[in-house]
Amino acid sequence: MSHKSTLIKNGRVIDPKSGLDEVADIAIRKKKIVGIGFKIPPAFDPDITIDAEGLWVLPGIIDLSAYLREPGLENKTRIPYETYAAASAGITEICCMPETNSPIDNGATVKLIRSKVKQAKYSQINVIGALTQGLKGEQLSHMGSLKYVGCVGVSQGWNPVKDLATLRKCMEYAATFELPLFLHPLDHSLMIKGGMHEGPLATRLGLSPIPAATETAAMAQIIALVEETETPVHFCRLSTAKSISLLKQAKESGLPVTADVAAHQLFLTEMDLSDYNPLCNTIPPLRSMRDRDALRQAAADGVIDAICSDHQPHEVDAKLAPFEETSPGISAFETLLPLSLRLVEEKILSLDQAIGYLTHKPANIIGSNTGRIKIGAKANLSLFDPEQFWQLEPEQLVSHGKNTPFSGWSFNGKTVLTLLKGKTIFSQ
Amino acid sequence: MQLTKDGKLKHFLTIEGLPPLLLEEILDRAQQFISLPNKSQVQAPILRGKTVMNLFFENSTRTRTTFELAAKRLSADLINLDIRNSATTKGESLLDTIRTIEAMGCDMFVVRHSSSGAAHFIARYCAPHISVLNAGDGRHAHPTQAMLDMLTIRQHKGDFTPLKVAIVGDIKHSRVARSQIHALTTLCAGEIRLVAPKTLMPFGIEDMGVNVYNDIEEGIKGVDVIIMLRLQHERMNTALLPSVREYYARYGLTEERLSLAKADAIVMHPGPVNRGVEIDSRVADGPQSVILQQVSNGIAVRMAVMSMVIGSHAQGTGDANVS
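Treat the numbers as computed from the prediction; the structure is a model and nothing was measured.

A.B. asks: Even after reading the chapter, I still don't get the packing of helix H4 (residues 164-176) of chain A against helix H6 (residues 213-229) of chain A, so can you show me in this structure?
C.D. replies: In a packed pair of helices, the relevant descriptors are the angle between the two axes and the axis-to-axis distance. Residues and elements named next belong to chain A. Remark: H4 packs on H6, axes separated minimally by 11 Å, with the N-to-C direction vectors making an angle of 45°. Considering the angle they form, H4 stands oblique to H6. You can see that H4 and H6 cross each other, and the crossing is right-handed. Residues Leu164, Leu167, Arg168, Met171 and Glu172 of H4 touch H6, and the partners they reach there are Gln221, Ile222, Leu225, Val226, Glu228 and Thr229. Classifying every residue of the contact of H4 with H6 by side-chain character gives six nonpolar, two polar and three charged.

A.B. asks: Just checking my understanding: could you explain the state of the cysteines for this structure?
C.D. replies: Note on terminology: disulfide describes a covalent bond linking the sulfur atoms of two cysteines. All names here are of chain A. This model, assessed by the stated rule, comprises zero disulfides over all chains. Not engaged in a disulfide, the cysteine Cys96 finds its nearest cysteine sulfur in Cys95; these two sulfurs lie 8.1 Å apart. Here Cys236 stays unpaired: no disulfide links it, and the sulfur of Cys308, its closest cysteine neighbor, is 7.5 Å away.

A.B. asks: Is there a simple way to think about the packing of aromatic side chains in this case?
C.D. replies: Pairs of aromatic rings are described using the distance from one ring centre to the other and the angle between the two planes. Residue and element names in this part refer to chain A. Throughout the structure, instances matching the rule amount to eleven aromatic pairs over all chains. Seen from their ring centres, Tyr84 and Tyr122 are 4.8 Å apart, and the 55° between their planes marks the pair as tilted. Taken together, the residues Tyr84 in helix H1 (residues 79-88) and Tyr122 in the loop between helix H2 (107-120) and strand E8 (124-130) connect sequence positions 38 residues apart. Residue class for Tyr84 comes out partly exposed when judged on its relative accessible area of 28%. Exposure remark for Tyr122: the relative accessible area of 25% places this residue in the partly exposed category. By the ring-pair criterion, three or more aromatic residues cluster together here, those being Phe267, Trp390, Phe406, Trp409 and Phe411. The ring of Phe267 has Arg296 sitting right over it, with the charged end atom 5.0 Å from the ring centre.

A.B. asks: What should I look at first to understand the sheet that holds strand E6 (residues 61-66) of chain A in this one?
C.D. replies: By definition, the strands of a sheet pair up through backbone hydrogen bonds, in either a parallel or an antiparallel sense. All names here are of chain A. With respect to topology, eight strands assemble into an open sheet ordered E6-E7-E8-E9-E10-E13-E14-E15, the strand pairing being parallel. Lying at the two open borders of the sheet, with one neighbouring strand each, are E6 and strand E15 (306-308). Between one strand axis and the next, the sheet turns through 30° on average, direction left out of account. As paired strands, E8 and strand E9 (residues 153-155) are joined by three bridges and run parallel to one another. From the neighbouring strand, Ala130 faces E9, where its bridge partner is Ser155. Across the sheet, helix H7 (residues 241-252) lies against strand E13 (233-235) and strand E14 (257-262), angled at about 155° from E14, the strand it touches most. Against the sheet, helix H9 (residues 333-345) contacts E6, strand E7 (91-96) and E15, and its axis sits at roughly 120° relative to E6.

The rules behind the values
Residues numbered from 1 in each chain as written. Chains lettered and ligands numbered in written order. Predicted model: local features only at pLDDT ≥ 70, side-chain atom pairs only at ≥ 80, totals over all residues. Heavy atoms only, no water. Axes fitted to C-alpha atoms, helices over the stretch in contact; angles between N-to-C directions. Helix = DSSP H or I, 4+ residues; strand = E, 2+ residues; numbered from the N terminus. Parallel < 35°, antiparallel > 145°, perpendicular 65-115°, else oblique. Left-handed = near helix turned anticlockwise from the far one by under 90°. Contact = heavy atoms within 4.5 Å. Nonpolar A, V, L, I, M, F, W, Y, C, P; charged D, E, K, R; others polar. Disulfide = S-S within 2.5 Å. Phe/Tyr/Trp six-rings, centres within 6.5 Å; stacked < 30°, edge-to-face > 60°. Buried < 20%, exposed > 50% of the residue type's maximum accessible area, 1.4 Å probe, protein only. Lys NZ or Arg CZ within 6 Å of the ring centre and 35° of its normal. Pairing = 2+ DSSP bridges.

Everything listed here is a matter of coordinates, which is why it stays silent on function.
Here you go:
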């Protein structure tokens with residue numbers, strides 16, 4: 001597997017950051033890109049040549065949110081399986097989120113995750129640590145130590161922070177160590193587990209309503225704190241039209257806020273759970289068609305900053321129960337790129353926009369300079385065959401989590417080869 | 001999902017989407033069972049050799065008992081599974097419980113569960129020869145209750161089309177109200193009114209073809225049928241209502257308020273009744289009350305539904321014919 005130098009020939013190289021989109025060769029030596037197109041050193045003599053004729057060469061995808069379930073939830077899946085699933089979908093860099101049963105709130109856990117990912121060799125990992133100890137929302141986590149062991153940010157996940165005073169202190173303390181804050185805007189008094197978007201359908205199905213204000217009320221409060229503390233905040237997983245207008249307003253008034261949307265929110269709506277489909281149980285819930293269209297518009301207008309998978313693999317049993325009792329989340333690594341490209345097919349995004357939302361833009365949010373194809377950058381790349389038509393069958397997902405609501409969807413194009421620091425980590 | 005490919009009732013999960021003719025058939029069959037002479041002794045052999053399993057994951061007295069009586073009058077073997085003392089409290093999943101019971105051999109599940117959609121879930125995953133009857137799932141549906149209410153209305157009023165029906169009380173948390181609305185709209189009732197304070201009225205309920213009232217006196221003016229819903233005491237603790245006293249003062253059905261409805265209006269209640277909370281005792285026991293009739297109709301409606309779903313299994317074997 002380990003080779004000193006590689007030449008990728010004749011691929012269509014797409015790098016939204018530099019605006020590059022042309023058929024070119026890429027030369028890789030010692031983990032890095034050393035030449036693109038005519039800038040390839042004349043003496044370059046590759047050990048391996050990959051023929052990429054007819055393929056797209058894309059920067060490796062950076063996924064801002066995934067739950068790798070380790071340590072703590074090994075019954076769901078393990079890090080090697082999930083990072084390999086990511087690699088198979090062109091994802092080379094993962095941000096893993098803390099969760100209740102696996103609160104990443106100390107240096108040892110961060111080191112453990114990093115070493116497991118490193119051992120598996122399928123991905124680069126960016127650990128997002130806990131904002132509060134045990135994610136309990138009361139005491140500050142050891143953010144200084146978390147930063148020291150390499151956390152790229154801190155988050156409270158879906159858990160509540162006790163009150164606004166605590167949240168404000170968390171923000172200030174995180175800012176002390178220049179740790180970006182990844183906040184899910186959720187007002188917990190309005191958030192009902194196992195519920196769905198408030199509307200006539202929720203009434204009809206008898207499921208507990210989760211109003212849009214669950215998100216917008218929390219967002220407005222956080223924005224007020226951002227104004228006062230001038231701390232940058234990244235809003236995770238926006239789901240409503242009103243959140244988009246709040247975000248837009250905040251950005252226009254110059255506040256340091258960014259936001260992402262999960263790919264499934266750009267496609268699915270509340271209607272998808274009209275038969276109590278537990279695969280559509282997500283946090284935040286799937287919203288109305290109008291909300292979905294507003295999210296799409298926000299992506300088209302550049303109001304949002306990234307699209308992520310919010311990958312949450314589950315064991316089969318987690319979804320085999322009445323809707324309200326199922327665990328939320330979608331196994332989503334393998335649909336992230338296909339869904340994003342479908343927005344291009346539907347003429348909502350340009351190809352550059354779609355790839356940008358998955359690569360250099362999320363890189364900016366975590367303060368990284370990856371997600372681009374340029375000389376001197378790490379050779380994290382994926383080769384994508386735009387002609388390969390396939391239909392999604394949950395059993396065929398590489399991830400151990402087969403919980404996808406996109407069963408039976410067909411997509412044009414598939415990742416055929418993924419390189420991490422010049423090494424092939426996945427090949428179809 | 002509820003119907004076989006030739007349109008017979010396979011499961012009874014919700015009234016939503018069922019054709020009017022099928023609801024009429026349930027009512028007709030139930031009426032036929034009521035007309036049998038000496039009905040408390042008669043045992044029809046329709047379910048002989050069949051096993052009905054009562055799976056009540058949530059407490060119930062009257063629904064469970066009437067299902068039990070209905071099954072026995074149709075000669076079925078019936079088992080009441082006391083879920084609270086069984087496996088689910090030991091951490092067994094719902095699906096494992098269902099599979100275990102299936103393995104014991106049975107033909108019909110009567111299910112009550114606190115999660116909306118639970119009956120659909122069981123119907124989707126149980127063995128194909130089993131029929132599931134929903135005896136109440138979360139806030140979603142309670143179809144046999146709605147059908148026994150329809151039977152009671154039909155016995156008193158006949159045709160549904162000219163009727164104005166008011167449903168009063170905690171609509172938000174009521175599976176009974178949702179099923180009644182679907183039944184009434186399917187049977188083409190003239191007007192359905194819902195009466196509740198805004199905290200107990202669910203979002204977008206108008207889309208189900210009803211008129212919403214916040215004032216009981218306006219809401220029951222000139223109606224033919226008043227259905228009162230039970231108010232659960234825990235609603236006071238969740239900032240939905242200030243007190244029982246205020247609820248009774250604003251929404252309780254008193255004789256005075258009842259006089260605003262048509263003179264021959266009937267008063268219904270799915271039970272158990274909270275006297276002095278949603279209804280005055282004089283109204284509950286008064287001449288216009290049909291509350292006890294509802295209970296006895298409950299047995300007939302459940303017999304009707306059970307006989308129909310068994311009919312969908314045993315086509316051609318001859319032992320499923322009712323009439």
